[in-house]
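What follows is each chain in one-letter form.
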Amino acid sequence: MATATDTVTTVTPPVAGAPKPIMTHKQIMLVIYGLMSGMFLSSLAQTVFGTAIRTIGDDLHGLDQQAWVTTAFLITSTIAVPIYGKLSDIFGRRPLFIIGIVIFILGSTLSAFSTSMMMLAAFRAFQGIGAGALMALPLAIMGDILAPRERAKYQGYFFAVFGIATVIGPLVGGLFAGANQILWIDGWRWCFLINIPLGLIALFMVITFLHLPKVGKHQGPRIDWWGAAAVVVTLVPLLLVAEQGRTWGWTSAGSIACYVTGGLGLIAFIVIEALMKEDAIIPLKLFRSGTFTMATIIGVLVGFAMFGAMMTIPLYMQIVVGMNPTESGLSMLPLIVGLMIASLTSGQITARTGRYRIFPVLGSLFTAVGFFSLTLIRYETPLWQIFLGMFVLGLGLGQLMQPLTLASQNAVDPHEMGVASSAATFFRQIGGTLGTAIMISVLFGMLPANILHATEDKATLTSALDTALDPAQAGKAENAAIMKQLWTPIVDPISKNIQGRLDEGVATGDAQAKAAAGEAVTAKVTEAVNQAVAAGQLPAEAAPAVIAQKTAEATPAAEAAAHAQVLKAVAEKAHASVQGDAVAVDWADHDQRAYWVDQLVPTLQDEMKKKDSAASGSSSSAISDTSFLTGSDPKLSKPFMVGFIDSLVTLYWVGFGVILLAFVLTWFFKVPPLRARSALQEQADKAGTTDTGSIRTHKA
């Protein structure tokens, strides 16, 4: 009996024998060209924007607001992913993919002409709505047109596009950001304007090539608008607090309000999805499949680790190694190469054997080994060792993404391909957001205490303090910023304190020396006058006046000689120099500086140990801008570098633990056999086609 959702009440049974393919190889390749153009657009837009954000923030006078620009795009694109997936199951992939590209182009155009960071954040949010289609639909379309075992033949093209965009994106972004103007427009604005011609090309290719067999439309489909609203209410506050919690404070009133709102939204979402049943944006029945549920959990863990690593490694390259943004983007090549090699190899093996359960196990193992190698990073670690760890990390991640998606798609019915694919992307994005937010928060939360702890090291502190007190080094232009930021607040009080102690020593010595000199002069003059009186050379009654006169005449010279002796004695004892009428440390003199550095280091170590515990629970605004490290003397920057590396190592231990959990779960991960036919082919074989070539749809 037909239902309200039937388009055709009679279903033609499949014809006996081998079914006729609904798409030829040429048609499939044309579709892939269209998909690759959209993927290149989204990948390049992200990598171009990432290297220019600092320049953009400076030009719009809102560098401290740059997190809002990233957060706005992330929130809207993440929310849009499951909505596009569900709507594409109802209305078709092609129109929604086209709508997504159009919105993305329009958002890029508006972003290019922003006049403030908050305006840019609003337009980036609009751009993210379009980006959601570029994230969600390619996987679903690939699942539609290609049998899982055939997909490996084509996925190399996608990874090639991804790799090219990853490599040239930072270069193009650095070029735009470094140019004052291009065609009378601010250079950084071309990071968005470049999306217009690229987007139009992608739009042309999609309209021209992305033609899929049509599926008969449902009559009166129910759209889960309440579910979409609940997704917004759930994710907006949670993603907002994940990005801004470190700034607000995790227990602040704003953060607590976000927790409560997100929790209530999640409860509402579950209730709505249960009531909407198969029409839900993310049908809860998907989670009845152990395979889909396990793939989702592992995907969240993988996203957590992957995005956290891809966010922090460039920071290491820029801050510790000293690369510029463009170079740090290129430094990700080992990870990208490893990812591409592993993806292509695992895909070919899957295509030939039809087996893929081993890859989540091996992938999580390789990823864990890669994270473990990154926990071995130290200040002296050579760059090749880090590149090797990144390569192993890429080998692991490359074996994880495709098999998890395959398992999710094979665990659902063909007509649910879109919602399953978008759900896999959606939850991986959620994991990535949490990974990025938590790792960055932990990094900057631990950094102040780790910097202090690194500075406590005697050898590091001795070398840095010696350099900071050396006028020749401290006065260099390239050291001006780091001196002002880190060392001047330390060495200025030290210099003033030492000078005060020297001045006090001279003053005390002068007082004692002058008294002794006066007594000695008086005694000497008195003795001479008394001898003159005894010899009859001077009347006795005139002696007191003569003594006073002679004493007054001789005292200044005696006091001056005594003062000189005091200066010399104080200088020798203090390992300093007599400079005019005072004693001062000649900080340019190596021996004098070394003496005082040895004296100061133990005291500074004790002070820093006291501050260490206080700093561990706070974050310093001084670390929000690390430009002061650029070009500075390694001896001055080493404490910061060591503290930063120690913080990164902690993050990589967290990533290692997360991936280790994923590795354990993969042993309980049961994967379904791969389908021999594409989702569209299965629907066509099962339901037949109409006279116009559309695939019939039927719900029992």
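Residues numbered from 1 in each chain as written. Predicted model: local features only at pLDDT ≥ 70, side-chain atom pairs only at ≥ 80, totals over all residues. Heavy atoms only, no water.

(A) Structural view of the overall build of the chain. Helix and strand counts for the chain stand at 23 helices and 4 strands. Buried residues in the chain amount to 51% of all 700 residues. Nonlocal contacts in the chain, meaning residues at least 24 apart in sequence, comprise 81% of its contacts between residues at least 6 apart. (Helix = DSSP H or I, 4+ residues; strand = E, 2+ residues; numbered from the N terminus. Buried < 20%, exposed > 50% of the residue type's maximum accessible area, 1.4 Å probe, protein only. Contact = heavy atoms within 4.5 Å.)

(B) Seen up close, empty space enclosed by the protein. Applying the stated criterion across every chain, the model contains 6 cavities of 30 Å³ or more. Taken as a whole, the largest cavity holds about 70 Å³ of empty space. As for the largest cavity, its lining consists of Ala295, Thr296, Gly299, Leu404, Thr405, Ser408, Ala424, Phe427 and Arg428. Where the lining of the largest cavity is concerned, the elements lending two or more residues are α10 (290-321), α15 (401-410) and α16 (417-456). Looking at the lining of the largest cavity, its residues break down into 4 nonpolar, 4 polar and 1 charged. The space that makes up the second largest cavity amounts to roughly 60 Å³. Where the lining of the second largest cavity is concerned, the elements lending two or more residues are α2 (66-91) and α8 (225-248). Sort the elements by how many residues they give to the lining of the second largest cavity and α2 lands first, with 4 residues. Of the residues contributing to the lining of the second largest cavity, the split by class is 7 nonpolar, no polar and 4 charged. (1 Å grid on protein atoms, 1.4 Å probe; cavity = no way out; pocket = protein on both sides within 12 Å on 5 of 7 lines; lining within 4 Å. Points joined across faces, edges and corners; volume = space filled by probe spheres on them. Nonpolar A, V, L, I, M, F, W, Y, C, P; charged D, E, K, R; others polar.)

(C) A look at the pattern of salt bridges. In this structure the tally under the stated criterion is 3 salt bridges. The shortest N-O distance in the salt bridge between Asp186 and Arg189 comes to 3.3 Å. Among the residues examined, Asp186 registers a relative accessible area of 24% and is labelled partly exposed. Residue classification places Arg189 among the buried positions, given a relative accessible area of 12%. Residue Asp470 pairs with Arg593 through a salt bridge whose shortest N-O separation is 3.8 Å. Within this pair, whereas Asp470 is found in the loop between α17 (458-469) and α18 (471-474), its partner Arg593 is found in helix α21 (residues 590-615), the two being separated by 123 residues in sequence. For Asp470, a relative accessible area of 12% corresponds to the buried category. (Salt bridge = Lys/Arg side-chain N within 4 Å of Asp/Glu carboxyl O.)

(D) Looking closely at helix α12 (residues 333-353). The end-to-end C-alpha distance of α12 is 30 Å, a good match for the 30 Å that 21 residues give at a rise of 1.5 Å each. Of the positions making up α12, those classed as buried are Pro334, Leu335, Ile336, Gly338, Leu339, Ala342, Ser343, Ser346, Gly347, Thr350 and Ala351. Directly beyond the C-terminal end of α12, a positive phi value near 75° is found at Gly354. (Expected span 1.5 Å × (residues − 1).)

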